[in-house]
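Structural overview for review
Single-letter residue listing:
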Amino acid sequence: MSTAGKVIKCKAAVLWEIKKPFSIEEVEVAPPKAHEIRIKIVATGICGSDDHMVSGHFSIRLPVIPGHEAAGIVESIGEGVTTVKPGDKVIPLFTPQCGECRVCKHPEANFCLKNDLSMLRGTMQDGTTRFTCRGKPISHFLGTSTFSEYTVVDEMAVAKIDAASPLEKVCLLSCGFTTGYGSAVKVAKVTPGSTCAVFGLGGVGLSVVMGCKAAGAARIIGVDINKDKFKKAKEVGATECISPQDFKKPIHEVLKEMSNGGVDFSFEAIGRHDTMVAALACCQEAYGVSVIVGVPPGSHNLSMNPMLLLSGRTWKGAIFGGFKSKDSVPKLVDDFMAKKFTLDPLISHVLPFEKINEGFDLLHSGKSFRTILTF
Ligand code: COD
Ligand code: ZN
Ligand code: ZN
């Protein structure tokens, strides 16, 4: 029996209070309105930004259903939807691509003005929600809310992907992989033969390493305080790995010495102010490019010496690896299917959805690269 046009009752992970575990609840998911799509989520990853929501660094009204890294199948579509149909495999996009705003029309930029990361309204584009639980409206998270068996997203925030793609893997193209990989190939534009330094070797940092390798970097130096991360980093392309704790000198000095005066490209995939400045300082003073990938918890200012930039360094940052989401995700899936890169090294754990709190414990313990939850 078709569920189109009807309210669907299904399970979802609801965050009722910050710093508390998720509770698995039965929620009601309303049908999609015009230009909206209801998706059956098949797999969803746990990302650092979901944890930022749990720890209270996003001021979205509670209760909320987090989750923004996922893949699924279209269950039904609202009026006027033209880019997908029921049964299509899709990836929800936490950075939408409306195609009409000045950012979407800019040839390089990707942070569409319709994104919910800036405003944190916790709603669909029309300002309302599609979830209820125990009679209460539940907020959306970044327009995606993928910690639910079914979710509703705006058409501008969905990419149709290859029908043959394995959803439990390509869900990583919805955030972690794309963020890291794009930071290297699209934002920094790493050049063949160059030397790169990657601070932080979690799932995002590993994806940066893969991007540097794909772009032809000759040396990729991984930096992490947890040496357990080195093996995997070398597997995906790091040529050397170092821990700041093994040196008396500041780590940027060590990297400058290792690279004959400074690396060509550096990346911060930790989300800490001190390592953002160290990453900037370790790149070559006249032409080095440093990219901020990690999001610091909270919105504090950092201080740095402007001389670091006056000599000629470039300091950049980007959301979603600088990729225009709706255009790029299907192409990235095609590249994955053509074996241009692999996602397996990033997937350290696969758990049934009900074990979501265990997945967050793994993230906190530093034992996981990425945990994928399957429905
Ligand atoms: N020096 C060196 N390494 C360190 C230090 C330090 N002082 N502190 C921690 N580390 C290492 C850890 O040992 C760990 O290996 C790594 O840094 C961080 O990895 P994870 O696994 O905790 O985090 P990731 O890889 O999932 O990445 C999380 C980010 C911090 C990059 C997070 O901000 C993020 O997911 N950013 C994506 C940016 C974005 O676009 N966000 C919007 C939607 S997600
Ligand atoms: Zn736009
Ligand atoms: Zn994310």
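Cut-offs used in this document
- Residues numbered from 1 in each chain as written.
- Chains lettered and ligands numbered in written order.
- Predicted model: local features only at pLDDT ≥ 70, side-chain atom pairs only at ≥ 80, totals over all residues.
- Heavy atoms only, no water.
- Axes fitted to C-alpha atoms, helices over the stretch in contact; angles between N-to-C directions.
- Helix = DSSP H or I, 4+ residues; strand = E, 2+ residues; numbered from the N terminus.
- Parallel < 35°, antiparallel > 145°, perpendicular 65-115°, else oblique.
- Left-handed = near helix turned anticlockwise from the far one by under 90°.
- Contact = heavy atoms within 4.5 Å.
- Salt bridge = Lys/Arg side-chain N within 4 Å of Asp/Glu carboxyl O.
- Pairing = 2+ DSSP bridges.
- Donors = N, O, S within 2.8 Å, 3.2 Å for Na, K, Ca; no water.
- Tetrahedral: all angles 85-135°; square planar, octahedral: opposite > 155°, others 65-115°.
- Buried < 20%, exposed > 50% of the residue type's maximum accessible area, 1.4 Å probe, protein only.

Quick look at the packing of helix α4 (residues 176-188) against helix α5 (residues 203-214) now. Between α4 and α5, the least distance of the axes is 7 Å, while the angle of their chain directions is 40°. One way to sum up the angle between α4 and α5 is to call them oblique. For the element pair α4 and α5, the recorded crossing hand is right-handed. Judged by residue contacts, G176, F177, T179, G180, Y181, A184 and V185 of α4 engage V204, S207, V208, M210, G211, C212 and A214 from α5.

Attention now goes to the pattern of salt bridges. Under the defined criterion, the tally for this structure stands at 20 salt bridges. Close ionic contact of E240 with R219 constitutes a salt bridge, the shortest N to O distance being 2.6 Å. On the criterion of sequence distance, the pair formed by E240 in strand β12 (residues 240-242) and R219 in strand β11 (residues 219-223) is long-range, its members being 21 residues apart. Among the charged side chains, a salt-bridge network with shared partners connects K33, E36, D126 and R130.

A few words on the sheet that holds strand β2 (residues 23-29). Across the sheet, four strands lie side by side as β1-β2-β6-β7; this open sheet has antiparallel pairing. At either margin of the open sheet sits one strand with a lone partner, and together these are β1 (8-14) and β7 (136-138). Going across the sheet, the axis of each strand differs from the next one's by a mean of 45°, ignoring polarity. In this sheet, β2 lies alongside β1 in antiparallel orientation, the contact comprising seven bridges. Paired with C10 across the strands is V27, a residue of β2.

The subject of this paragraph is the coordination of the zinc ion (ligand 3). The zinc ion (ligand 3) binds to the protein through C47 (SG), H68 (NE2) and C175 (SG); the donor distances cover 2.0 to 2.3 Å. Bound by four donor atoms, the zinc ion (ligand 3) shows angles of 99 to 122° at the metal and therefore tetrahedral coordination geometry. Along the chain, the residues donating to the zinc ion (ligand 3) fall in the pattern C-x20-H-x106-C. Of this pair, H68 sits in the loop between α1 (48-54) and β4 (69-77) while C175 sits in the loop between α3 (167-170) and α4; the two residues are 107 residues apart in sequence, bridging distant segments of the chain. There is no split in this pair, since H68 and C175 are both buried.

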